[in-house]
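Residue-level structural notes
Now for the letters of each chain:
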Amino acid sequence: SQKIEQNSEALNIQEGKTATLTCNYTNYSPAYLQWYRQDPGRGPVFLLLIRENEKEKRKERLKVTFDTTLKQSLFHITASQPADSATYLCALAPAGNTPLVFGKGTRLSVIA
Amino acid sequence: DVKVTQSSRYLVKRTGEKVFLECVQDMDHENMFWYRQDPGLGLRLIYFSYDVKMKEKGDIPEGYSVSREKKERFSLILESASTNQTSMYLCASSPGWPGEKLFFGSGTQLSVL
């Protein structure tokens, strides 16, 4: 069956460290993968999109990798801050023109 | 900035009531979506629309219908609300193709008693 899994439901990390979140997928061949941030009681906000031919993408303190062989994306936040505390969702489109399917999210807590 | 507005942040309804959830986007996006989000289940797609008067079923359409009479407005209808439809409902829109990045509204927390 098709699955998109974010391995950790919750992740606690010390301020200043790098947070690494994992997204694995099974029986999909996505052309790209996306990451969103969601704060409590709010809708998700788009962060980054990475295409299958891009190994890595960066935006300020964020870095995303995409390994189509491992069927995995890693999402890194460097020099993490308490303000980075939120739930992070990965998402992919099962086929080129189909709506996104989301992972269940990882709740990140950055402790001062 | 793209704005996706959902008409209510919180809504409390009785079992059997007909419920309308409204969503409006202001950026002329082609595609609009309704998801529901439940603890432990994540975001699940109910319906989507890629054009005015067009609609497509998502993964969990049972008990719901939608209406898109104008490009900017996408309504979710619960014909006869049930307690298992208590959830956070999120509307989203995207330009271009349906798998492009989504712009979400703030959500409607619906409680059916």
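Please refer to the structure placed before this passage.
Calculation rules
- Each residue is numbered by its place in its chain's sequence as written, counting from 1.
- Chains carry letters and ligands carry numbers; both start at the beginning, A for chains and 1 for ligands, and go up in the order they are written.
- In view of the model being predicted, local features appear only for residues whose pLDDT reaches at least 70, and side-chain atom pairs are presented and counted only at 80 or more, with totals across whole chains, interfaces and linings using the full set of residues.
- In computing side-chain properties, one takes all heavy atoms of the structure into account and sets aside hydrogens as well as water.
- Throughout this description, the term nonpolar core refers to a set of buried Ala, Val, Leu, Ile, Met, Phe, Trp, Tyr and Cys residues connected via side-chain atoms within 4.5 Å.
- Whether a residue is buried, partly exposed or exposed follows from its accessible area with a 1.4 Å probe, protein chains only, as a fraction of its type maximum: under 20%, in between, or over 50%, in that order.
- Per the convention used, a helix needs a DSSP run of H or I reaching at least four residues, while a strand needs a run of E reaching at least two, with both numbered from the N terminus.
- The contact criterion used is simple: two residues touch if any of their non-hydrogen atoms lie within 4.5 Å.
- A strand pair is defined by DSSP finding two or more bridges across the two strands.
- A fitted line through C-alpha atoms serves as each axis, taken over the contacting stretch for helices, and the angle formed by two N-to-C directions is quoted from 0 to 180°.
- Salt bridges are counted wherever a side-chain nitrogen of Lys or Arg sits within 4 Å of a carboxyl oxygen of Asp or Glu.
- For the purposes of these results, a polar contact is taken to be a pair of N or O atoms within 3.5 Å, where, inside protein, one atom must be able to donate a hydrogen and its partner to accept one; residues adjacent in sequence count only when each atom of the pair is a side-chain atom.
- Think of it as three bins: nonpolar holds Ala, Val, Leu, Ile, Met, Phe, Trp, Tyr, Cys and Pro, charged holds Asp, Glu, Lys and Arg, and polar takes everything else, Gly as well.

**A closer look at the nonpolar core**
Counting 23 residues, the largest nonpolar core has Leu33(A), Trp35(A), Phe75(A), Ile77(A), Tyr88(A) and Leu108(A) as the members making the most contacts within it. Elements with a minimum of two residues in this core: β3 (19-26), β4 (32-38), β5 (45-51), β7 (62-67), β8 (72-77), β9 (86-92) and β11 (106-111) of chain A. Excluding residues that lie within four positions of it along the chain, Leu108(A) makes contacts with Leu11(A), Ile13(A), Ala19(A), Ile77(A), Asp84(A), Ser85(A), Ala86(A) and Tyr88(A). With 20 residues, the next largest nonpolar core counts Leu11(B), Leu21(B), Leu76(B) and Cys91(B) among its residues.

**As for the environment of Lys17(A)**
All names here are of chain A. Considering the arrangement of structural elements, one finds Lys17 in the loop between β2 (10-14) and β3. The sequence separation of Lys17 and Ile111 amounts to 94 residues, and the corresponding C-alpha distance is 10.0 Å. If we ignore the near neighbours within four places in the chain, the residues touching Lys17 are Ile77, Thr78, Ala79 and Ser80.

**Focus: the sheet that holds strand β6 (residues 56-59) of chain A**
All names here are of chain A. Taken together, the five strands give an open sheet; going across it, the order is β1-β3-β8-β7-β6, and neighbouring strands pair in antiparallel fashion. Each having just a single partner strand, β1 (3-6) and β6 make up the two edges of the open sheet. Sheet twist, expressed as the mean angle between neighbouring strand axes with direction ignored, is 15°. Note: β7 against β8, six bridges, orientation antiparallel.

**Regarding the interface of chain B and chain A**
The interface is formed by 21 residues belonging to chain B together with 18 residues belonging to chain A. For the interface between chain B and chain A, the tally reads zero salt bridges. Linking chain B to chain A there are six residue pairs in polar contact (both at pLDDT 80 or more). Counting residues per element, the ones that place at least two in the side of chain B that touches chain A are β5 (31-38), β6 (42-49) and β10 (87-94) of chain B. Considering each element in turn, the side of chain B that touches chain A owes the most residues, four residues, to β6(B). Looking at the side of chain B that touches chain A residue by residue, the class counts come to 12 nonpolar, six polar and three charged.

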